[in-house]
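Below are the chains, spelled out letter by letter.
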Amino acid sequence: MDPASIARARQEDLQYVSAQDMAAITTWCLDTISTLGIRLHAHQQVIATASVYFQRFYTKNSYAATDPIVVLVTCLYLATKSEEAPVRLRVVGAEASRLLHERGYQDTPNYVPLIAGMEYYLLEELEYDLIVFQVYRSLPALCDACVKACPCPPGGGPDLSASGLLPLAWYIANDMYRTSLPLSYPPYTLAIACIYMALGLAPACTTDRTPAATLPHDTESSSLKPCIVSFLAGFNVSLPVISCILQDMLSHYELWHALSHPPSGLGLLEDHQALFHCLYRMREDRCRAMAA
């Protein structure tokens, strides 16, 4: 999907909340999928698949017309099955109720019948297309190729060892699934963008003769820069596309920082009660608008 189509899907919701609050609600829901997945001991591919299901569902539906909490729990439950790592329905429902109770959600419902009913609706909205091709399958191979093509120079430079580059790229990939980028770009372009960003963030590698504290600010030696450029240029991808992905990721990092550090008080990401109230108000305003 193109970004414009994804933005148009939020037009109804933006009648009831501001754009910043809408971004906070979406981020909170995706973070909750991750938190719940970790508590259920689901691996990262399950969490990523659930995040894609959730965002695909809300390209056709509005937050004001549905209960996103039930939707996100159902997305995670369905992802455990589609990724062949099933978790029993009662376990998912019990853990979801426990998590939301800890966050102050009033009148926590029994999620078992809600998930069972929502699952069929979710499958219909996803058009029964449950296969999600993910970034994680290509990241290790790309990192290994980068390490072989760009060894760390003796004088110090970015740590391009597998142990230094792959975790950074993996963390960035995790963050990408908190955005709509997986809906707009194929996984291999996202994987290359992860490598590109990880190269810029990679810590300095050191040798016995060059401690990290003595390395200069510009640790990328002149002998390494052409190597990185040559490696990245070897991919048969459009560099403007990679640039758009990187700019989008940087914009999201700035947005998440702003949401987590509001000028005063707590933001919606930390103030769960305020976020629940915002969701209630959206549904009530929509009901009043339909009745008018």
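Provided above is the structure to which this section pertains.
Residues numbered from 1 in each chain as written. Predicted model: local features only at pLDDT ≥ 70, side-chain atom pairs only at ≥ 80, totals over all residues. Heavy atoms only, no water.

1. What about the overall build of the chain?
Inference 1: On a plain count of helices and strands, the chain comes out with 13 helices and two strands.
Inference 2: Counting the 292 residues in the chain, one finds 49% classified as buried.
Inference 3: Summarising the internal contacts of the chain: among those between residues at least 6 apart in sequence, 80% fall at separations of at least 24.
Inference 4: Of the accessible surface of the chain, which amounts to about 14500 Å², a share of 57% is contributed by carbon and sulfur atoms. (Helix = DSSP H or I, 4+ residues; strand = E, 2+ residues; numbered from the N terminus. Buried < 20%, exposed > 50% of the residue type's maximum accessible area, 1.4 Å probe, protein only. Contact = heavy atoms within 4.5 Å. Areas by Shrake-Rupley, 256 points an atom, 1.4 Å probe, with all protein chains shown as cover.)

2. Some points on helix α5 (residues 89–102)
Inference 1: Here α5 spans 20 Å end to end across 14 residues, near enough to the 20 Å set by a 1.5 Å rise per residue.
Inference 2: Of all the positions in α5, only L89, V92, G93, E95, A96, S97, L99 and L100 are classed as buried.
Inference 3: Next to the buried residues of α5 lie α2 (19–39), α4 (68–82), α6 (111–125) and α13 (272–291).
Inference 4: Positioned one or two residues after α5, G104 has a phi angle of 85°, which is positive. (Expected span 1.5 Å × (residues − 1).)

3. What about the packing of helix α7 (residues 139–149) against helix α10 (residues 187–201)?
Inference 1: One way to put it is that α7 packs onto α10 with a least axis distance of 10 Å and a crossing angle of 45°. What the angle tells us is that α7 and α10 run oblique. The crossing of α7 and α10 is right-handed. Here α7 contributes L139, L142, C143 and C146 to the contact with α10, which in turn contributes A191, I192, C194, I195 and L199.
Inference 2: For the contact of α7 with α10, the residue count by class is nine nonpolar, no polar and no charged. (Axes fitted to C-alpha atoms, helices over the stretch in contact; angles between N-to-C directions. Parallel < 35°, antiparallel > 145°, perpendicular 65-115°, else oblique. Left-handed = near helix turned anticlockwise from the far one by under 90°. Nonpolar A, V, L, I, M, F, W, Y, C, P; charged D, E, K, R; others polar.)

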